Amino acid sequence: MTHTVEKIGGTSMSRLHELRDTLFLEDGAPRYGRIFVVSAFGGVTNLLLEHKKTRRAGVYAAFANAEDDHGWHDALSRASAAMVDAHQTVLDHPGDIAQATTFVQDRIEGARNCLIDLQRLCSYGHFRLNTHLMQIRELLSGLGEAHSAYVATLMLQRAGVNARFVDLSGWRDEDDLTLDERIESAMEGIDTRVELPIVTGYAQCRQGLMREYDRGYSEVTFSQLAALTGAREAIIHKEFHLSSADPNLVGEDAVQTLGHTNYDVADQMANLGMEAIHPSAAKTLRQAGVPLRVTNAFEPGHPGTIVDDQAAGDPAVELVTGLDIIALEVFEQDMVGVKGYDAAILEILTRHNVRIVSKVSNANTITHYVDTSLKSMRRVEADLAARYPQAEITTNKLALVCVLGRDLTGLKVMSRGLRALEDAELTPLGAAQGPRNVDTQFILNRTDRDPAIAALHRSFFAQSTTVAMTIAA
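Since we're looking at a predicted model, the values are computed, not measured.

We now examine unusual backbone geometry. We note that Arg 172 has phi near 55°; this positive angle belongs to a residue other than glycine. Its location among the elements puts Arg 172 in the loop between β5 (163-166) and α8 (179-187). Of the residues examined, Arg 172 reaches a relative accessible area of 66% and is grouped as exposed. Its identity is not glycine, yet Glu 425 carries a phi of approximately 60°, on the positive side. Locating Glu 425 in the fold gives a position in the loop between α16 (413-423) and β15 (430-433). With a relative accessible area of 74%, Glu 425 lands in the exposed category.

Put into structure tokens, the structure is as follows:
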């Protein structure tokens with residue numbers, strides 16, 4: 001096990017030229033023994049699909065909901081222009097820029113012709129566009145990663161690195177391969193001791209990565225590549241460190257780099273929208289025995305944070321984070337002693353693709369804290385009202401703030417947290433801590449989320465030395 005598999009996210013890719021001499025070279029010489037998996041340049045996947053946060057339509061959304069052809073054609077042209085702008089920023093040699101532009105034009109116009117042909121085919125009654133939408137989504141996703149990998153290869157080759165473009169996107173490929181077969185076929189014959197493979201984050205495969213993982217597909221490719229090739233370590237290069245809290249909320253001087261945590265905490269972070277790695281990717285690495293390192297790409301001398309399957313040596317709070325949620329409360333006076341309510345609510349939430357963050361219940365009330373849109377919640381409420389016409393169904397926009405650590409035993413996180421919130425004149429609406437002692441949750445009004453994170457962080461990290469002494473005693 002002599003190599004690492006490393007991933008670069010979209011925001012860092014947009015600053016790839018800044019990373020060339022520190023991430024890929026050492027004292028001007030190429031660093032081999034590594035495989036790089038790259039995301040699309042920042043913002044490109046939003047233009048190809050839809051904006052991840054605002055849901056503004058990209059090419060895919062415009063095509064799927066098209067009332068006329070102009071919308072998706074214009075969206076595809078905007079994506080093409082953004083891709084060209086991205087590589088013009090990263091590349092400095094006119095010949096490389098020309099090659100990259102030709103690459104974009106070939107892929108974009110190929111995709112345009114494919115969508116035109118599909119529209120024409122589906123104008124006949126025997127064919128339905130909605131049966132092809134997932135394949136279209138995958139096709140468009142692959143454009144971004146193929147472009148960024150190709151551009152990175154050009155840049156590195158210009159710097160004297162023996163870089164190889166490894167395209168897993170299945171472009172004009174008629175083979176029907178599984179993900180493992182796709183990766184193994186592409187990596188065959190590559191010697192990482194003398195070559196630097198630059199691999200697309202999207203991989204076309206029989207099972208369809210987007211069907212199960214949607215926008216998390218690049219980390220799934222990354223983790224599977226690390227597992228299949230027997231990497232000694234998997235590394236994710238972000239534009240920030242994994243820290244004890246958001247420095248914008250608690251201050252740059254107050255945060256601490258995690259340094260070491262485990263996959264259990266990483267899963268809790270993902271559940272709260274603070275994703276160190278996609279849970280499915282983490283599972284692959286954990287089962288393969290490959291440790292994960294998360295680093296700040298722009299601080300090359302810093303070791304970052306190791307994520308593995310090891311328990312904590314001593315109890316400690318590791319981070320404080322929070323998430324805006326919606327509380328879905330179902331109150332039915334006759335619920336007590338009757339089975340089936342919980343299963344029915346879960347079935348409706350699942351049908352509407354609503355993500356559950358946490359839940360509490362008592363004799364006649366079940367409350368789910370969910371991460372979804374109000375539009376989805378209206379549909380859920382309507383279905384629940386039809387199922388249980390006598391129930392009182394309410395929704396409230398709240399926030400969940402969580403204190404996390406591999407082992408919180410003996411730290412009195414619940415009582416200390418409530419005291420910290422009271423001192424900050426914040427009123428929690430609920431609190432919970434499970435017996436596994438990895439997280440303590442506080443429910444608050446949404447406007448109190450950021451002040452609560454700051455108050456809890458001050459309490460646990462300003463007094464970390466005192467707490468350690470207390471536990472030792």
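Okay, back to it.
Attention shifts here to the environment of Thr 372. Mapping Thr 372 onto the fold places it in the loop between β13 (365-371) and α15 (374-387). With relative accessibility at 24%, the residue Thr 372 sits in the partly exposed group. Counting along the chain gives 47 residues from Thr 372 to Ile 325, while the straight-line C-alpha distance between them is 7.5 Å. Residues contacting Thr 372, with those up to four places away along its chain left out, are Ile 326, Val 354 and Met 377.

Attention shifts here to the sheet that holds strand β12 (residues 355-361). An order of β12-β13-β11-β14-β16-β15 is seen for the 6 strands of this open sheet, with the pairing classed as antiparallel. Edge positions in the sheet fall to β12 and β15, since each of these pairs with one other strand and no more. Averaged over neighbouring strand pairs, the angle between their axes works out to 30° when direction is ignored. Pairing of strand β11 (residues 319-331) with β13, which is carried by 6 bridges, proceeds in the antiparallel orientation. The residue bridging Ala 327 from the neighbouring strand is Tyr 369, located in β13. The strands touched by α15 within the sheet are β11, β13 and β14 (392-404), with β14 carrying the most contacts at an inclination of about 130°.

Calculation criteria
- Residues numbered from 1 in each chain as written.
- Predicted model: local features only at pLDDT ≥ 70, side-chain atom pairs only at ≥ 80, totals over all residues.
- Heavy atoms only, no water.
- Helix = DSSP H or I, 4+ residues; strand = E, 2+ residues; numbered from the N terminus.
- Buried < 20%, exposed > 50% of the residue type's maximum accessible area, 1.4 Å probe, protein only.
- Contact = heavy atoms within 4.5 Å.
- Pairing = 2+ DSSP bridges.
- Axes fitted to C-alpha atoms, helices over the stretch in contact; angles between N-to-C directions.

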